[in-house]
Amino acid sequence: MRDHGTRGGTDWAALRARFHLPDSIVYLDGNSLGPLPRAVPERVRRTVEDEWGEMLIRGWNEAGWMEWPARLGDRIGRLIGASGGATVVGDTLSIKVYQALDAALRLRPGRRVILSDSGNFPTDLYMAEGLIAALDRGHELRVVAPEAVAEAIDGDTAVLMLTQVDYRTGRLHDMADLTARAHAAGALTIWDLAHSAGALEIDVTGADADFAVGCTYKYLNAGPGAPAFVYVRPDLHDAIAPALSGWLGHAAPFAFDPSYRPGPGITRMRVGTPPVLQLAALEAALDIWDDVDMGDLRARSLALCDRFVGGVAARCPDLVPALPPGTARGSQVSFRHPEGYAVMQALIARGVIGDFRAPDILRFGFTPLFIGEAEVDAAVAAVADILETAAWDRPEYRTRKAVT
Ligand SMILES: *Cc1c(COP(=O)(O)O)cnc(C)c1O
């Protein structure tokens, strides 16, 4: 399955060769956990053995570990249209959502509504609920259907908090348009780019987004548990009073002052000690993006998604597309099927790895970095065969595992 040609200048075959992919697996779950870049093991080994092993605590200065969250933040910033010094890496995405939301609410003290949509990932909504309880100032989380967001923005909205690409259906929000509408109503915006960073062209600066957050273990391929990132519009930095006032966001961490003073710029969104080994993996994973043209990537991602949708439509009448035709999508394709879990287990047993999202969604991610037409066609054939022969209808495919 190595038919990846060159298109629009990007050498897809060369990019694919930079990943370790197990034999005879069609991996359509890079949107959940990106595969291993071949450069990662050696880069992590260097940090473990040469830096940690030999430098010991001197690694913080000599290997520059303390600067990595800002330096790698800037490298991610280039993928999302951020200017330098506006993006920093650390913690998990749930934590970054909490920080961004708290900061935004404090910047709109007279308003009480956090507007989001039912396509948002639950942890984003849960973190909002927890923050509302902690603040205890009568905030309300208002969750509307994705199509109803634009109409629901009004003079009560403090913050519009959305995930740009719906994790279940793949629906893509128009970041620039919704941000402009939010701003016209006096609200701020938080964009969760978990399913967009590394999946499509993003321009947080051009869209005038106030906050953006995302994770690095999905399309950015930095490995399980890799840290998140947060972007804040530069002119807001100095106005932010951080909720999680950890020592590494302090103006002078090693002065060990008894009280907190926020650090300059985006530094104040840092919390505690960075995960150095995982950052080493992230650094190697980010090297791949130096050779990717995001316009080419987007065009090829949509072509692969269309090919899959077309193939499934022709051969699998039982699968219902999760998105109405003509709706803008991210880099994934989803279908509904009442036995979706069992169908996905049967697919995985054949080496076609996608995932299942309750209640009935079969989800397939298509990233041109390592997926081409041959994988799409193999996946269509496997789905069609499993449905035609009811190969999914076995007790072992119905037993739910902890991670779906
Ligand atoms: C994957 C994902 C998360 C995961 O958050 P973690 O804290 O990293 O576990 C959060 N939000 C969205 C929108 C996601 O897609």
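The structure presented is a predicted model; accordingly, all values stated were derived computationally and were not measured.

The rules behind each value
Here the residue numbers are simple positions, counted from 1 along each chain's written sequence. Owing to the predicted nature of the model, reporting of local features is limited to residues with pLDDT of at least 70; listing and counting of side-chain atom pairs is limited to 80 or more, with chain, interface and lining totals taken over all residues. Side-chain measures here rest on the full set of heavy atoms in the structure, leaving out hydrogens and waters. A pocket, in this scheme, is an open set of points on a 1 Å grid over the protein atoms alone with protein on both sides within 12 Å along at least 5 of 7 lines, while a cavity is a set where a 1.4 Å probe fits but cannot get out; residues line either one if an atom lies within 4 Å of a point. Grid points are joined across faces, edges and corners, and a volume is the space filled by probe spheres set on the points. Here the term charged refers only to Asp, Glu, Lys and Arg, the term nonpolar to Ala, Val, Leu, Ile, Met, Phe, Trp, Tyr, Cys and Pro, and the term polar to all other amino acids, Gly among them. Each helix is a run of DSSP H or I of at least 4 residues and each strand a run of E of at least 2, with the numbering of both proceeding from the N terminus. Given the number of residues in a helix, its expected span is that number minus one, multiplied by 1.5 Å. N or O atoms closer than or at 3.5 Å make up a polar contact, with two conditions inside protein: a donor-capable atom paired with an acceptor-capable one, and, for residues adjacent in sequence, both atoms drawn from side chains. Residues are classed as near a molecule or strand on a simple rule: at least one heavy atom within 4 Å of it. What decides whether a molecule sits in a cavity or pocket is whether more than half of its atoms lie within 2 Å of the grid points. Relative accessibility under 20% of the residue-type maximum defines a buried residue, over 50% an exposed one, and the middle range a partly exposed one, all with a 1.4 Å probe and only protein chains included. Any two strands between which DSSP finds at least two bridges are classified as paired. When a carboxyl oxygen of Asp or Glu is within 4 Å of a side-chain nitrogen of Lys or Arg, the pair counts as a salt bridge. Domain delimitation follows an automatic or database domain assignment. Contact definition: two residues touch when any of their heavy atoms are within 4.5 Å. Put simply, buried area is the surface a 1.4 Å probe can reach on two separate parts but cannot reach once they are joined, added for both. To pair, rings of Phe, Tyr and Trp, with the six-membered ring standing in for Trp, must have centres within 6.5 Å; the planes then decide the type, stacked if under 30 degrees apart, edge-to-face if over 60, and tilted in the middle. Only buried residues count toward a nonpolar core. Its members are Ala, Val, Leu, Ile, Met, Phe, Trp, Tyr and Cys residues joined through side-chain atoms within 4.5 Å. To count toward a patch, a residue needs a relative accessible area above 30% and no salt bridge. Like charges then connect within 9 Å, nonpolar side chains (Val, Leu, Ile, Met, Phe, Trp, Tyr) within 5 Å. Only the protein chains shown count as cover for residues, and the accessible areas themselves come from Shrake-Rupley with a 1.4 Å probe.

Caption draft 1: Main features of empty space enclosed by the protein. The tally for this structure, following the rule as stated, stands at 1 cavity of 30 Å³ or more. Within this model, the largest cavity holds a volume of roughly 30 Å³. Considered class by class, the residues forming the lining of the largest cavity number 6 nonpolar, no polar and 2 charged.

Caption draft 2: Seen up close, helix α11 (residues 294-315). End to end, α11 covers 32 Å across 22 residues, agreeing with the expected 32 Å (1.5 Å per residue, within 8%). With a side-chain oxygen lying 2.9 Å from the backbone nitrogen of G295, the N-terminal cap of α11 falls on D293.

Caption draft 3: Local environment of the site of the ligand. Around the ligand sit T92, L93, S94, F121, T123, D124, T163, D192, A194, H195, Y217 and K218, and that is every residue in its neighbourhood. Contact distances for the ligand include 3.3 Å between an oxygen atom and a backbone N or O atom of L93. One of the side-chain N or O atoms of S94 is found 2.6 Å from an oxygen atom in the ligand. Counting atoms within 2 Å of the grid points, the majority share of the ligand lands in the largest pocket.

Caption draft 4: Main features of the pairing of strand β11 (residues 211-215). Counted residue by residue, β11 has 5 buried out of 5 residues, so it is predominantly covered. Of the two faces of β11, both are covered, the one formed by F211, V213 and C215 as well as the one formed by A212 and G214. Where strand β10 (residues 188-192) meets β11, 3 bridges bridge the pair, whose relative direction is parallel. Its bridge partner being in β11, W191 is matched across the sheet by A212. Here β11 runs beside strand β12 (residues 228-232); their pairing, made up of 5 bridges, is antiparallel. Across the sheet, F211 pairs through a bridge with V232, a residue of β12.

Caption draft 5: Seen up close, the pattern of salt bridges. In this structure the tally under the stated criterion is 28 salt bridges. Here D257 ties to R261 by a salt bridge, and the two come within 2.9 Å at their closest N and O atoms. For R261, a relative accessible area of 43% puts it in the partly exposed group. R357 is the salt-bridge partner of D355, the closest N and O atoms lying 3.6 Å from each other.

Caption draft 6: Spatial organisation of the domain arrangement of the protein. Entries for the protein in the domain assignment read domain 1 (6-30 + 293-398) and domain 2 (45-290). Using only C-alpha atoms to locate each centre, domain 1 and domain 2 end up separated by 29 Å. Each partner contributes to the interface: domain 1 provides 24 residues, whereas domain 2 provides 19 residues. Summing both sides of the interface, domain 1 and domain 2 together bury roughly 2000 Å²; the carbon and sulfur share of this comes to 63%. Inspection of the domain 1/domain 2 interface yields 0 salt bridges. Along the contact surface separating domain 1 from domain 2 lie 7 residue pairs in polar contact (both at pLDDT 80 or more). Among the elements that make up the side of domain 1 that touches domain 2, the one with the highest residue count is α11 (4 residues).

Caption draft 7: Just the layout of surface pockets, in detail. Considered as a void within the structure, the largest pocket measures approximately 530 Å³ in volume. Lining the largest pocket are 31 residues, and of these S32, D355, R357, R363 and V403 sit closest to its centre. Elements represented by at least two residues in the lining of the largest pocket include exactly α5 (93-107), α6 (122-135), α12 (340-349) and β16 (355-357). Here the lining of the largest pocket takes 3 residues from α12, the largest share from any one element. Both of domain 1 (6-30 + 293-398) and domain 2 (45-290) provide at least three residues apiece to the lining of the largest pocket.

Caption draft 8: Summary view of the environment of L93. Mapped onto the fold, L93 is located in helix α5. Remark: the alpha-carbon pair of L93 and A194, spanning 101 residues in sequence, is separated by 8.3 Å. Discounting residues that sit within four places of it in the chain, L93 has contacts with D192, A194, V213, G214, C215 and A228.

Caption draft 9: Representation of the packing of aromatic side chains in the model. Under the defined criterion, the tally for this structure stands at 12 aromatic pairs. Here F121 and Y167 contribute two aromatic rings whose centre-to-centre distance is 4.9 Å and whose plane-to-plane angle is 80°, an arrangement assigned as edge-to-face. Of this pair, F121 sits in the loop between β7 (113-117) and α6 while Y167 sits in the loop between β9 (157-163) and α8 (175-184), placing them 46 residues apart in sequence. Assessed through its relative accessible area of 6%, Y167 is described here as buried. Members of the aromatic cluster, connected to one another through ring pairs, are F308, F335, F364 and F366.

Caption draft 10: Summary view of the nonpolar core. One finds L193, F308, F364, F366 and L369 to be the most contacted residues of the largest nonpolar core, which totals 90 residues. Examining the composition of this core, we find that 8 residues originate from one element, helix α13 (residues 373-388), more than from any other. Lining this core are residues from two domains, each supplying at least three of them: domain 1 (6-30 + 293-398) and domain 2 (45-290). Residues contacting L369, with those up to four places away along its chain left out, are W12, L15, R16, F19, N221, I288, W289, V292 and L297. Judged by nonpolar contacts, the second largest core, of 31 residues, contains L105, L131, I190 and F211.

Caption draft 11: Quick peek at a nonpolar patch on the surface. Nonpolar side chains collect at one region of the surface, where W52, L56, I57 and L277 lie side by side and expose about 450 Å² of accessible area between them. Tracing the backbone shows I57 in the loop between α2 (40-55) and α3 (59-62). Judged by relative accessible area, which is 68%, I57 ranks as exposed.

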